[in-house]
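These are the residues of each chain, in order.
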Amino acid sequence: MTKQQDWWRSGVIYQIYPRSFFDSNGDGIGDLPGITQRLDYVAELGVDAIWLSPFFTSPMKDFGYDVSDYRGIDPMFGTLADFDQLITKAHALGLKVLIDQVISHSSDQHPWFQQSRQQRDGNYADWYVWADAKADGSPPNNWLSLFGGSAWQWDSGRQQYYLHNFLASQPDLNLHNPSVRAALLEDMRFWLDRGVDGFRLDTVNFYFHDAELRDNPPWTTRGELAEGVPASNPYALQHHLYDKTRPENLGFLRELRTLLDQYGAVTVGEIGADDSIGVMADYTSGHDKLHMAYSFHLLTERFSAMLVRDSVSEMWQRLGSGWVSWSFNNHDNIRVVTRWRHEGDDQAFAKLCMALLLSLKGTPCLYQGEELGLPEAHVPFEQRKDPYGLAFGPSFITRDGCRTGMPWQAKQPHAGFSTAEPWLPIPTSHLPLAVDQQLDNPDSVLSAYRRFLAWRKRQPALLQGELRFIDCDEPLLMFERQHADQHLLCVFNLGHQPRHLTLPALTQALPDHGLPFQQQDLLLTLPGYGVYMGAFTD
């Protein structure tokens, strides 16, 4: 298949969480054949690519982000033949396929780790990060796991500690070892040869650690917390200088880019760092490392025009030649309709979020169910599965609420997701928002997504244009997008009350995007959560 050069700069990515998309065999868990059966729906939505969260062989301690075979399909998801059929159909529909690649760590069930833990001088002895205890038996340093407690786990057989930045069952690979890097690249080549168009790289700045194992310093004040980590997690109290984001990673990313360029494949890297924008700039600039970096800056609990303006402005001021992928939802965060607390109509708010995300400079990434305007699901404590959330107790908000099954048919058992009891319960609040309830309703959130995505493809300024913000008062957000002969004005009312404003210049409203507004010369009236798109007139 011929790969369109730089499609990712103007394209839209749709994230699929395989466990929760569609169950084809009635075991309560989504699978690859289920995704294949529903690809027509994804293509008709108007996106350009899908990103598949992990489906590799795994003990599922972290739901696939603990890989025990980088070339295997976990039987709960299907077979390699199923994957090949998925790739074939996706490409026939014009969809690119990106897959999650988790190479900062593996499962402790991976054969590499099973051999590494057996002896200190074997072939795989230093494929993971091992270190002796201090004289008092305590861990080698003060590094913390993102999932709580020390990042070091004692192994009684080898009589050493091993590093795990996440669960103890997810030991960190030692990418200082060139044999490890070579093996990981060959595993990625395996999937490239099967036709994948690129990778979403999980925790891409965790690949290397400080070889001297120096302690992380604390933040200078308790008011400063590590970016993207809740204050309830002690991980936020350290300045993560030595356990991740090491300079050696840049060399490996260049090795990886060399491989990808052979296939015309792309990468989007997940970066969680103390200065994530600085790291994103380092990792995506120069056209020799990552193609784009996935931003958490709009996955916040706070929501305001100022927050959006400040986040987007700082991103593009510092990225240089780099590139960003924006998202409002994913498999790790409370769904935006719930997270960005708002008043008034949920459907109108969902449409506003859609238009805003799809109008920013950068690559939008949608998460399954976002196009339905799904709110966060309430999952009772006794039915929760998320190991990260469970580690911090009943009061901590887990990631289960954004991972419940897609509601396809409101009147079918389990919303048409499965004929069996789903692995997570599907809330009754999702039933009126099921796909079959929205498809033929021109006023639905789903119809708005399909209409706006089709309209966006015809707007060069939104696909390729530069972005410049225009001063206005909360809760209004206004910016220009300009490319070649098209010069657009984009105005968003982030509040639930109607707002009136005088436009900075005369514009002609653009038709067909389907979002409400009223314009009389320079006077614009936007309803609550209204959106205006206009072209500047000469």
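Scroll up for the structure.
Residues numbered from 1 in each chain as written. Predicted model: local features only at pLDDT ≥ 70, side-chain atom pairs only at ≥ 80, totals over all residues. Heavy atoms only, no water.

### Concerning the packing of helix α6 (residues 178-193) against helix α7 (residues 248-263)
Part 1 of the argument: One can describe the packing of α6 onto α7 by two numbers: an axis separation of 11 Å at closest approach and a directional angle of 25°. One way to sum up the angle between α6 and α7 is to call them roughly parallel. Crossing angle aside, the handedness with which α6 passes α7 is right-handed. Counting all contacts with α6, which are made through Arg181, Leu185, Met188, Arg189, Leu192 and Asp193, the residues of α7 involved are Phe252, Glu255, Leu256, Leu259, Leu260, Gln262 and Tyr263.
Part 2 of the argument: In terms of residue class, the contact of α6 with α7 is built from eight nonpolar, one polar and four charged. (Axes fitted to C-alpha atoms, helices over the stretch in contact; angles between N-to-C directions. Helix = DSSP H or I, 4+ residues; strand = E, 2+ residues; numbered from the N terminus. Parallel < 35°, antiparallel > 145°, perpendicular 65-115°, else oblique. Left-handed = near helix turned anticlockwise from the far one by under 90°. Contact = heavy atoms within 4.5 Å. Nonpolar A, V, L, I, M, F, W, Y, C, P; charged D, E, K, R; others polar.)

### Examining helix α9 (residues 305-319)
Part 1 of the argument: With 15 residues, α9 ought to run about 21 Å at 1.5 Å a step, and its terminal C-alpha atoms sit 21 Å apart, in line with that.
Part 2 of the argument: Burial in α9 covers these residues: Ala305, Leu307, Val308, Ser311, Val312, Ser313, Met315, Trp316 and Leu319.
Part 3 of the argument: Each element contacted by the buried residues of α9 is listed here: α8 (276-284), β12 (324-326), α11 (346-357), β14 (466-470) and β15 (476-483).
Part 4 of the argument: The positive-phi residue at the C-terminal boundary of α9 is Gly320, with phi of around 65°. (Expected span 1.5 Å × (residues − 1). Buried < 20%, exposed > 50% of the residue type's maximum accessible area, 1.4 Å probe, protein only.)

### Comments concerning the packing of aromatic side chains
Any pair of aromatic rings gets described here by the distance separating the centres and the angle formed by the planes.
Part 1 of the argument: A complete count under the given rule lists 36 aromatic pairs for this structure.
Part 2 of the argument: Measuring from centroid to centroid gives 5.7 Å for Tyr294 and Phe296, while their planes differ by 80°, and the two rings are edge-to-face.
Part 3 of the argument: Using a relative accessible area of 27% as the deciding quantity, one classes Phe296 as partly exposed.
Part 4 of the argument: Here Phe303 and Trp340 contribute two aromatic rings whose centre-to-centre distance is 4.1 Å and whose plane-to-plane angle is 15°, an arrangement assigned as stacked. Of this pair, Phe303 sits in the loop between β11 (292-294) and α9 while Trp340 sits in the loop between α10 (336-339) and α11, and the two are 37 residues apart along the sequence.
Part 5 of the argument: Among the residues examined, Trp340 registers a relative accessible area of 0% and is labelled buried.
Part 6 of the argument: Each member of the aromatic cluster is reached from another via a ring pair, and the members are Tyr14, Phe21, Phe22, Tyr41 and Trp408.
Part 7 of the argument: The ring centre of Trp316 lies 4.2 Å from the NZ or CZ of Lys361, which sits over that ring. (Phe/Tyr/Trp six-rings, centres within 6.5 Å; stacked < 30°, edge-to-face > 60°. Lys NZ or Arg CZ within 6 Å of the ring centre and 35° of its normal.)

### Concerning the pairing of strand β13 (residues 363-367)
Part 1 of the argument: Within β13, five of the five residues are buried, leaving the element largely enclosed by the surrounding structure.
Part 2 of the argument: Burial of the side chains of β13 extends over both faces: Thr363, Cys365 and Tyr367 are buried on one face and Pro364 and Leu366 on the other.
Part 3 of the argument: Bridge count for strand β1 (residues 13-16) against β13 is three bridges, and the pairing is parallel. Among the inter-strand pairings, Gln15 is bridged to a residue of β13, identified as Tyr367.
Part 4 of the argument: Looking at chain direction, β12 and β13 are connected through two bridges and run parallel. Pairing of Ser325 across the sheet is with Thr363, part of β13. (Pairing = 2+ DSSP bridges.)

### Quick look at the environment of Leu494
Part 1 of the argument: Residue position: Leu494 is located in the loop between β16 (486-493) and β17 (499-502).
Part 2 of the argument: For Leu494, a relative accessible area of 8% gives the class buried.
Part 3 of the argument: Expressed as a C-alpha distance, the spacing of Leu494 and Leu352, which sit 142 residues apart in the sequence, is 7.6 Å.

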